[in-house]
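Working through the structure, step by step
What follows is each chain in one-letter form.
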There are 2 protein chains.
Amino acid sequence: MTISTELETFVVHFGEMGSRWGFNRTVGQMLAVIVFNERPLNADQIAEMLGISRGNVSMGLKELQSWQLIRVHKNQGDRKDYFKPIGSLWDLAIQVLSERRKREVEPTLSLLRGQLMTDSNDENQFTRDKIKEMHDLLELFNTWFSDIQRMSPESLQTLLKLGSGVGKILDIKHRFSSSGSTNTD
Amino acid sequence: MTISTELETFVVHFGEMGSRWGFNRTVGQMLAVIVFNERPLNADQIAEMLGISRGNVSMGLKELQSWQLIRVHKNQGDRKDYFKPIGSLWDLAIQVLSERRKREVEPTLSLLRGQLMTDSNDENQFTRDKIKEMHDLLELFNTWFSDIQRMSPESLQTLLKLGSGVGKILDIKHRFSSSGSTNTD
DNA sequence: TACAATTTTCAGAAATTTCTGAAAATTGGT
DNA sequence: ACCAATTTTCAGAAATTTCTGAAAATTGTA
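Residues numbered from 1 in each chain as written. Chains lettered and ligands numbered in written order. Predicted model: local features only at pLDDT ≥ 70, side-chain atom pairs only at ≥ 80, totals over all residues.

Before going further, it helps to spend a moment on the overall build of chain A. Along chain A, the regular secondary structure elements total eight helices and three strands. Every one of the 185 residues in chain A was classed for burial, and the buried ones make up 24%. In chain A, the proportion of contacts linking residues at least 24 apart, taken out of those at least 6 apart, comes to 45%. (Helix = DSSP H or I, 4+ residues; strand = E, 2+ residues; numbered from the N terminus. Buried ≥ 20, exposed ≤ 12 C-beta atoms within 10 Å, placed from the backbone. Contact = placed C-beta atoms within 7 Å.)

Our focus in this paragraph is the protein's contact with DNA strand D. The immediate surroundings of DNA strand D are formed by 20 residues, with G55(A), N24(B), T26(B), S53(B) and G55(B) found nearest. Put simply, the parts of the chain that give the surface near DNA strand D at least two residues each are α4 (54-66) of chain A together with α2 (25-35) and α4 (54-66) of chain B. The leading source of residues in the surface near DNA strand D is α4(A), at six residues. Of the residues contributing to the surface near DNA strand D, the split by class is four nonpolar, eight polar and eight charged. (Near = placed C-beta within 6 Å. Nonpolar A, V, L, I, M, F, W, Y, C, P; charged D, E, K, R; others polar.)

Moving on, we get to the protein's contact with DNA strand C. Around DNA strand C there are 20 residues in total, and N24(A), T26(A), S53(A), G55(A) and G55(B) lie nearest to it. When residues of the surface near DNA strand C are traced back to their parent elements, those giving at least two are α2 (25-35) and α4 of chain A together with α4 of chain B. In terms of residues, the surface near DNA strand C owes the most to one element, α4(B), which gives six residues. Residues of the surface near DNA strand C, tallied by class, amount to four nonpolar, eight polar and eight charged.

Moving on, we come to the environment of G18(A). Residues and elements named next belong to chain A. Relative to the elements of secondary structure, G18 occurs in helix α1 (residues 5-21). Between the C-alpha atom of G18 and that of Q29, which follows or precedes it by eleven residues, the distance is 7.5 Å. Aside from chain neighbours lying at most four places away, what touches G18 is F23, N24, R25, V27, G28 and L31.

This paragraph deals with the interface of chain A and chain B. Counting from both sides, the interface comprises 54 residues of chain A and, opposite them, 55 residues of chain B. Put simply, the parts of the chain that give the side of chain A that touches chain B at least two residues each are α1, α5 (89-117), α6 (125-149), α7 (153-162) and α8 (165-176) of chain A. In the side of chain A that touches chain B, the residues fall into 25 nonpolar, 17 polar and twelve charged.

We now examine the packing of α6(A) against helix α5 (residues 89-117) of chain B. The N-to-C vectors of α6(A) and α5(B) enclose an angle of 50°; their axes lie 10 Å apart at closest approach. Between α6(A) and α5(B), the crossing angle belongs to the class labelled oblique. At the point where α6(A) passes α5(B), the crossing takes the right-handed sense. On α5(B), the residues touching E133(A), M134(A) and L137(A) of α6(A) are L89(B), W90(B) and A93(B). Considering only residue class, the contact of α6(A) with α5(B) consists of five nonpolar, no polar and one charged. (Axes fitted to C-alpha atoms, helices over the stretch in contact; angles between N-to-C directions. Parallel < 35°, antiparallel > 145°, perpendicular 65-115°, else oblique. Left-handed = near helix turned anticlockwise from the far one by under 90°.)

All names here are of chain B. Here D81 is to be found in strand β3 (residues 81-85). Take D81: there are 15 C-beta atoms within 10 Å of it, and that puts it in the partly exposed class. Expressed as a C-alpha distance, the spacing of D81 and A43, which sit 38 residues apart in the sequence, is 7.4 Å. The contact partners of D81, leaving out residues within four places of it in the chain, are N42, A43 and V72.

In short, the description is geometric, and any link to function would need to be established separately.
This is the structure we're talking about:
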């Protein structure tokens, strides 16, 4: 099992990207070979394709599974585990975003909440205000995302294509219902 | 110039966050102290507050400036450079996203474009299709973001608060103009 | 131009992250 | 229960990233 030369450049690049998304280079490359191969791959194949140790592959697969990006696929009469993506590229993208929200935004939010709870006068008003501002911003993003995530891929895609066009639509909406059907706190 | 104990936990945490956004722990902490201080800070103050070397601060400030997150502020009769955020937390958030798009999404897109240009038969159809799919997905996100970025903070905030509510609005809109103003390829 | 204040640079040191590979654990079949 | 196939673990090694601090460069003033 070898990688085509052209795919190789891409896999390497994908690895760099992966490191921006919260996992390391090699794990990113592992995800790439799994996604860009029609058939599920086993650990030995991945190790060979990327030229890395078996142990490293095992750890990487664990990580990708904890991110819920890949799943095991069993082949009849073969004890080996084969791995394939949990879904389409779209599904994977949503999954990465969602997992990052859980792992990064949530902890920050709880910290900020805690910070705001203490009524100490240790820090000055400016800092407290900023912390509140930061909290509100993250909270806004957070609920927006978990909200948006529940939409069907089709609606979401329409929305993306519309871009800033939604602005105009919102105007139309205003003309019809100025009663607060959407909570503007 | 010292950090209040409560702020300290937060600055440390902010540092961790920073490392997820594309710069390292220390640079993240530097951004935090600059943002959460009412008055602009100079390099020595930052070095002292975070207990790091002067050289390190100099490099970090350079990086934050290259991200366009902070700017120099000159005090009358003082040769030192003081630093302050370019704008509100909202501005900073947009700026980080925008910079990451430029630094990460753009290069990936050009790579994918190049990949699709070559009409070699080196790789199989499945892989080519996936590359196309990935390209389209990134392109969609890319244009959406640069589009959305041009909206006023107020409209954007309204949009975020609306969440998946836009879905309903889109339905209303459909009832009025079913002519294809949004290309659904 | 000369000088002191300030900032930047960068080679080597330190810290952190990632990887290997052999041993241990697990799994499925008989 | 036993065995062979397969996967996981993890201590130490290797690779990478970050940091220091002293020297070099730059800047503003007189």
